[in-house]
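# Fold and geometry: a report
Read off the chains here:
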Amino acid sequence: ASEAANFMQALTPTDNAIGAQSQLRTSEAMGSMMLSRVNQVRQTGPQGANLGAIKMAALSGGKGVMTDGDQTLPTLSEASPMKPGWSAYGEVRGLRSRIGAQQGYLGSRTNMVTGLIGLDFSQKNYIVGAALHVANGDGKQSNRAATSKSDTYAVSAYGSIFSPKLALDVYATRGTGNLDLTRTAGLLSAVGSTDTTLFNIGAALSSPTKVKWGSFTPSVSLAYDQVDIDAYRETGAIALSVNKRKVKSFVGRLGVAAMSDQAKTFKPWARIALAHDFEASDSGTKKIGFVSATGPNFVDVAGLVLDKTWGELGLGIDTKLDKATLGLSYETTLGRDNVQIEQIRARIRFTF
């Protein structure tokens, strides 16, 4: 039985599946960071919000603070007029996700750090900008039999058109990267390296509303993400010839975020949403065979089964230190049967 398990493990590029999911999380994070930026500028001006000693800039008399839940929520702090124009900024975000076990897949954890620098131009009712992303990630199967490491570079363009009560935010990202992959089966191993490309595009419609205890922001959004992994040939005792792989998602979300402004220094927030993936596609890898085989020895390995509909819950807290915004949050999915995802985000955003 153990020999059969080792053979199936030798013929299954689980490191490829881990790398694909890691790259998809990277693409999603890049789109999320773009929505964060346009929300921040739209509601609080290029220099961000006032928590304590930092003066808050605002549009049309609005007041707000950008949360780590990618929502902009008004606060009741004293505001000063925003000065439209050019603004440079940076942000660093850490993310950890967990993919649960399913048939033929033992589950894995992925870690990713994404940094960006950007430049945008804001006026009374619109924002346009661009950003450069750099991401580094790693993934590991639960039994440590497969690992992946990735480096990704991407460019984003984004914008927003808004009034005091309603905003439409849009973004698009294109990037390339490299995956270094390692597998083991018993005492045998194989390593591989390949290139990846990612693309995303999204839009969000939101409407912030102030209440006595703070604020809440209902929103609806659509986000399309696609990752392509090139074909490659491994080296090692169990080396495989692995064909290309494609993973796609097209997620619609309907949700609401709420923030309390009762504390002067820290701003706790919560977010709930209902999400549906209209795509939920993982092509898997076709016609896999051992490099050392003397004749045709092709098998198809199916992609992961991805959920269509789930709930999302997020809890977080934000604070301001001089020109930096610090954020920590925990987010999880509810009602997913195949791929369970939870995220711990540590964020530093700064302006210069």
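What you are looking at is a predicted structure, and each value in this text was computed from that prediction instead of being measured. (Residues numbered from 1 in each chain as written. Predicted model: local features only at pLDDT ≥ 70, side-chain atom pairs only at ≥ 80, totals over all residues. Heavy atoms only, no water.)

## Description of the pairing of strand E19 (residues 285-290)
Residues in a regular strand project their side chains so that they alternate between the two faces of the sheet. One ladder, built from two bridges, connects strand E15 (residues 240-242) with E19; its direction is antiparallel. The partner of Leu240 across the bridge, within E19, is Phe290. (Pairing = 2+ DSSP bridges. Helix = DSSP H or I, 4+ residues; strand = E, 2+ residues; numbered from the N terminus.)

## Re the pairing of strand E16 (residues 245-260)
Bridge analysis of strand E12 (residues 214-229) against E16 gives 16 bridges, and the strand direction is antiparallel. Residue Asp228 lies in a different strand from E16, and its bridge partner there is Lys246. Two elements, E16 and strand E18 (residues 281-282), share two bridges in a ladder whose sense is antiparallel. Residue Val247 lies in a different strand from E18, and its bridge partner there is Asp282.

## Re unusual backbone geometry
With a phi angle near 45°, Ala280 is a residue other than glycine that sits in the positive phi range. Within the secondary structure, Ala280 sits in the loop between strand E17 (266-277) and E18. Even without glycine at this site, Lys287 takes up a positive phi of about 55°. For Lys287, the position within the fold is in strand E19.

## Brief notes about the side chain of Arg271
If you trace the backbone, Arg271 turns up in strand E17. Overall, Arg271 belongs to the buried group, its relative accessible area being 10%. Engagement of the side chain of Arg271 in a polar contact is seen with the side chain of Glu312, the distance being 3.3 Å. Reaching out from Arg271, the side chain makes a polar contact with the side chain of Glu331 at a distance of 2.9 Å. (Buried < 20%, exposed > 50% of the residue type's maximum accessible area, 1.4 Å probe, protein only. Polar contact = N/O pair within 3.5 Å; in protein donor to acceptor, adjacent residues only side chain to side chain.)

## Thoughts on the side chain of Thr194
Along the chain, Thr194 falls in strand E10 (residues 188-206). For Thr194, a relative accessible area of 5% translates into the label buried. Among the polar contacts made by the side chain of Thr194, one reaches the main-chain carbonyl oxygen of Asp230 at a distance of 2.9 Å. With near-sequence residues (within four places) excluded, Thr194 lies in contact with Gly177, Asn178, Leu179, Ile229, Asp230, Ala231 and Tyr232. (Contact = heavy atoms within 4.5 Å.)

## Describing the confidence of the model for the chain
Looking at the chain as a whole, the pLDDT averages 80, with 81% of positions reaching at least 70. Here strand E1 (residues 56-58) stands out as the least confident element of the chain, with mean pLDDT 28; E10 is the most confident, with 95. Low pLDDT, under 50, characterises residues 47-82; the stretch is placed with 141 contacts to residues that sit more than four places away or in other chains. (pLDDT = per-residue confidence, 0-100.)

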